[in-house]
Amino acid sequence: MYHKTLPYRIFSIFNNVFLTILSLLCLLPLYHLLMVSLSSSAPANAGLVTFWPIGFTLEAYAKTFDNANFLSSLWVSVERTVLGTGLALIVNTIAAYALSKETRVFRARNIYLWYFVVTMLFSGGLIPGYILILKLGLMNTLWALILPGLVAVFNIILLLNFFRTVPKDLEEAAFIDGAGHFQSFIKIYLPVSVPVIATVSLFMMVGHWNAYFDGIIYIRDSEKLPLATFMQTIIVQADMTKLDPEAIANLSQRTIRASQIFISALPILLVYPFLQRYFVTGIVVGAVKE
């Protein structure tokens, strides 16, 4: 009955209109970037492109995919995102399962939990982290981009709070049937935890895909740079040595950069809609402790 009142309908209309406008404003820069990448060099350099491409051409995308450095960086980012997200999910879900138990089951639970929480408040710093990666022999390797962020305490807290909402009767029934903790974790907790796992996976994927600073620090060879670091190099630092000289001569830097930025943003834009329906549920349930 509350939803049928006139004030609620008015609020709902204005709220939907406002959110629609806000969504369009968020998408407008990306749309403009796409139009610039599809335009010829002269109008792009002159700043004449607005909502429609001028001198429509796909040459910028052709040159982008002909760029060996861009393709290698794209593949490094794909490897990093897939491996980093997969390994982090395994580590964080197992840790969250153990920490979700009561102290009568896991006596050292509070010690380990505070050990993890302290790392959220204090860190070793950039220089000790660099020295550690150097001494471990991980410099200029993919693992230097994955291992330092493998354990994310915020994600562990979301997961363990969600695991606490799973009815204890299910686990007790599994133990009566002879299941152990590992079987209970695989067959009971993971299947009912899809919302929070999807939410945490989205956090991890976006974090790995957009991370660029660690690539600047730990990677020395240009062909091993992740895509975000590659884009930061040619856009922020304006280092065009990694681009194809012929592409620079025939096309404007603006169209090439626009095409590369759009391609780098596209994977996350394609993945997010499939995980969005789990996002709110995972955040709300995983952030509230019963």
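Keep in mind that this is a model prediction, so the values were computed, not measured.

**Q** I'm lost on the overall build of the chain in this one. Help?
**A** Along the backbone of the chain there are 15 helices and zero strands. The burial tally for the chain puts 38% of its 290 residues in the buried class. Put simply, of all contacts in the chain between residues at least 6 apart along the chain, 70% involve residues at least 24 apart. Roughly 16800 Å² of accessible area belongs to the chain as shown, and the carbon and sulfur atoms make up 70% of that amount.

**Q** I tried to follow the packing of aromatic side chains on my own but got confused; where do I start?
**A** The description of two aromatic rings rests on the distance between their centres and on the angle between their planes. Here the structure, examined in full by the defined rule, presents nine aromatic pairs. Between F70 and F230, the ring centres sit 6.0 Å apart and the planes meet at 65°, which makes this aromatic pair edge-to-face. One end of the pair, F70, is in helix α4 (residues 68–99); the other, F230, is in helix α13 (residues 227–235), and 160 residues separate them in sequence. Here F230 falls in the buried class, since its relative accessible area comes to 0%. When the centroid spacing of 6.4 Å and the interplanar angle of 15° are considered together, the rings of Y130 and Y218 count as stacked. Here Y130 is found in helix α6 (residues 126–135), whereas its partner Y218 is found in helix α12 (residues 213–218), with 88 residues between them in sequence. Assessed through its relative accessible area of 9%, Y218 is described here as buried. Within the aromatic cluster, the residues linked to one another by ring pairs are Y97, F163, F185 and Y189.

**Q** Sorry, what's going on with the pattern of salt bridges here?
**A** For side chains of opposite charge, pairing can occur when their charged atoms come near one another. For the coordinates displayed, the defined rule picks out three salt bridges. In this structure, K101 and E171 form a salt bridge, with 2.4 Å as the shortest nitrogen-oxygen distance. Placement of the pair is K101 in the loop between α4 and α5 (109–121) and E171 in helix α9 (residues 168–176), with a sequence separation of 70 residues. Taking relative accessible area as the criterion, K101 reaches 6% and is therefore assigned buried. By relative accessible area, E171 is classed as buried at 7%.

**Q** Help me understand the confidence of the model for the chain in this model?
**A** A low pLDDT score tells you not to read the predicted coordinates there in detail. Mean pLDDT for the chain: 82, with 87% of residues reaching 70 or above. Confidence drops under a pLDDT of 50 for residues 286–290, and excluding neighbours within four residues, the segment shows 13 contacts in the predicted structure.

**Q** Even after reading the chapter, I still don't get a nonpolar patch on the surface, so can you show me in this structure?
**A** Together, I13, V17, I21, L25, L28, Y31, F51 and W52 make up an exposed nonpolar region whose accessible area comes to about 830 Å². Here I21 shows up in helix α1 (residues 6–37).

**Q** Which parts of the structure should I look at to understand the nonpolar core?
**A** In summary, soluble globular proteins display a tendency toward joint burial of nonpolar side chains. Grouped together as the largest cluster of nonpolar side chains are 32 residues, with contacts concentrated most on L159, F163, Y189 and V196. Excluding its chain neighbours within four sequence positions, the residues that come into contact with F163 are T93, A96, Y97, S100, F185, Y189 and S193. One finds L33, M35, F70 and W209 within the second-largest nonpolar core, a separate group that totals 18 residues.

**Q** What is the right way to read helix α3 (residues 59–66) from this model?
**A** Of all the residues in α3, the buried ones are A60, Y61, K63 and T64. Projected onto a plane normal to the axis of α3, the buried residues spread over an arc of 165° and lie on a single side.

**Q** Sorry, what's going on with the packing of α4 against α13 here?
**A** The contact between α4 and α13 brings their axes to 7 Å, and the two run at 140°. Taken together, the axes of α4 and α13 lie oblique to each other. Along its contact with α4, which presents N69, F70, S73, L74 and S77, the element α13 presents L227, A228, F230 and M231. Classifying every residue of the contact of α4 with α13 by side-chain character gives six nonpolar, three polar and no charged.

**Q** Please explain unusual backbone geometry as it appears in this structure.
**A** Across the chain, the bulk of peptide bonds are trans and the bulk of non-glycine residues have phi less than zero. At N140, a position not held by glycine, the phi torsion is positive, near 65°. In this fold, N140 is placed in the loop between α6 and α7 (143–146). Take N140: its relative accessible area is 13%, and that puts it in the buried class.

**Q** I tried to follow the packing of α4 against helix α11 (residues 194–210) on my own but got confused; where do I start?
**A** The relative placement of two packed helices is expressed as an angle between their axes plus a distance between the axes. Here α4 crosses α11 at 145°, and the two axes come no closer than 9 Å. Once α4 is placed against α11, the crossing between them reads as right-handed. When α4 is examined against α11, the residues L74, S77, V78, R80, T81, G84, T85, A88, L89 and N92 are found in contact with a partner set consisting of I197, V200, S201, M204, M205, H208 and W209.

Thresholds applied
- Residues numbered from 1 in each chain as written.
- Predicted model: local features only at pLDDT ≥ 70, side-chain atom pairs only at ≥ 80, totals over all residues.
- Heavy atoms only, no water.
- Helix = DSSP H or I, 4+ residues; strand = E, 2+ residues; numbered from the N terminus.
- Buried < 20%, exposed > 50% of the residue type's maximum accessible area, 1.4 Å probe, protein only.
- Contact = heavy atoms within 4.5 Å.
- Areas by Shrake-Rupley, 256 points an atom, 1.4 Å probe, with all protein chains shown as cover.
- Phe/Tyr/Trp six-rings, centres within 6.5 Å; stacked < 30°, edge-to-face > 60°.
- Salt bridge = Lys/Arg side-chain N within 4 Å of Asp/Glu carboxyl O.
- pLDDT = per-residue confidence, 0-100.
- Patch = residues over 30% accessible without salt bridge, like charges linked within 9 Å, V, L, I, M, F, W, Y side chains within 5 Å.
- Core = buried A, V, L, I, M, F, W, Y, C linked by side-chain atoms within 4.5 Å.
- Arc of directions from axis to C-beta.
- Axes fitted to C-alpha atoms, helices over the stretch in contact; angles between N-to-C directions.
- Parallel < 35°, antiparallel > 145°, perpendicular 65-115°, else oblique.
- Nonpolar A, V, L, I, M, F, W, Y, C, P; charged D, E, K, R; others polar.
- Left-handed = near helix turned anticlockwise from the far one by under 90°.

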